[in-house]
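Breakdown of the fold
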Amino acid sequence: MPPSPPAPSLARRRCTGLGVPALVLLGAGLFALLTTAFAHDTFHDCHYFGPSLRMHITAWASLACGLAAPVRYVALRVRAARHGRPAASAAASAVALAFLLLGLLPLLFEAVAVWSLYAPDPSGGHDCSGLSGPLARAAPYAAG
C-alpha cells in the first residue's frame, strides 16, 4: 500500500472549507443582481422582448453556484474521511455546513429564476399587461 500524502496545513484546510460559503454567497449575489439590475430587460416601451442574454447567463450561473456548494461540501467531507481527518470537528466545516443549510432557500429561488426564463409571456401576448392597455383604448366619457 502506498504511503498516504502528507496532511495539508491548517491554513489550507480553512481556505478549502471556505469555498462552500463563497459559492453560496456568489449564487445569492448573482440572484440579487438578476432580480434588481436585470429585472427590466424583458419589457421596453410596453413591448415584451423576452429575457435578455445577460439574464440567462446570470440565472444559470447563480443556479450553478447554488448546486456546486453541496457538491463541494460532500467532496471536502469525503476527502477528509479518506485521509483520516475528522471533518466535522473543524470550524471551517461547521461554517460551511451552516452556509450550506442557509443556502437552500436561495437555491430554491435560483431554480425558480431559471424556470421563469422559459415561462410564457406573462402578459398573455398583449403588449401591456394590466388595465393600462384597455383603458387607453376605451372611449372617454362625455363631460356633463
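Quick look at the structure, then. (Residues numbered from 1 in each chain as written. Predicted model: local features only at pLDDT ≥ 70, side-chain atom pairs only at ≥ 80, totals over all residues. Heavy atoms only, no water.)

1. Re the packing of aromatic side chains
Scanning the model with the defined rule gives 1 aromatic pair in all. Centre to centre, the rings of F31 and F109 are 6.0 Å apart; their planes meet at 15°, and the pair counts as stacked. Pair noted here: F31 is in helix 2 (residues 19-36) and F109 is in helix 5 (residues 104-117), with a separation of 78 residues, a long-range link. (Phe/Tyr/Trp six-rings, centres within 6.5 Å; stacked < 30°, edge-to-face > 60°. Helix = DSSP H or I, 4+ residues; strand = E, 2+ residues; numbered from the N terminus.)

2. Some points on helix 5
Taking 1.5 Å of rise per residue, the 14 residues of helix 5 would be expected to cover 20 Å, and the 20 Å separating its terminal C-alpha atoms lies within 8% of that figure. Among the residues of helix 5, L107, E110, A113, V114 and L117 are the ones counted as buried. The buried residues of helix 5 occupy one face: seen down the axis, they fall within an arc of 115°. In this structure, helix 5 carries L105 and W115 as exposed residues pointing more than 90 degrees from its buried face. The elements touched by buried residues of helix 5 are helix 2 and helix 3 (53-82). (Expected span 1.5 Å × (residues − 1). Buried < 20%, exposed > 50% of the residue type's maximum accessible area, 1.4 Å probe, protein only. Arc of directions from axis to C-beta. Contact = heavy atoms within 4.5 Å.)

In short, shape yes, function no, at least from these values alone.
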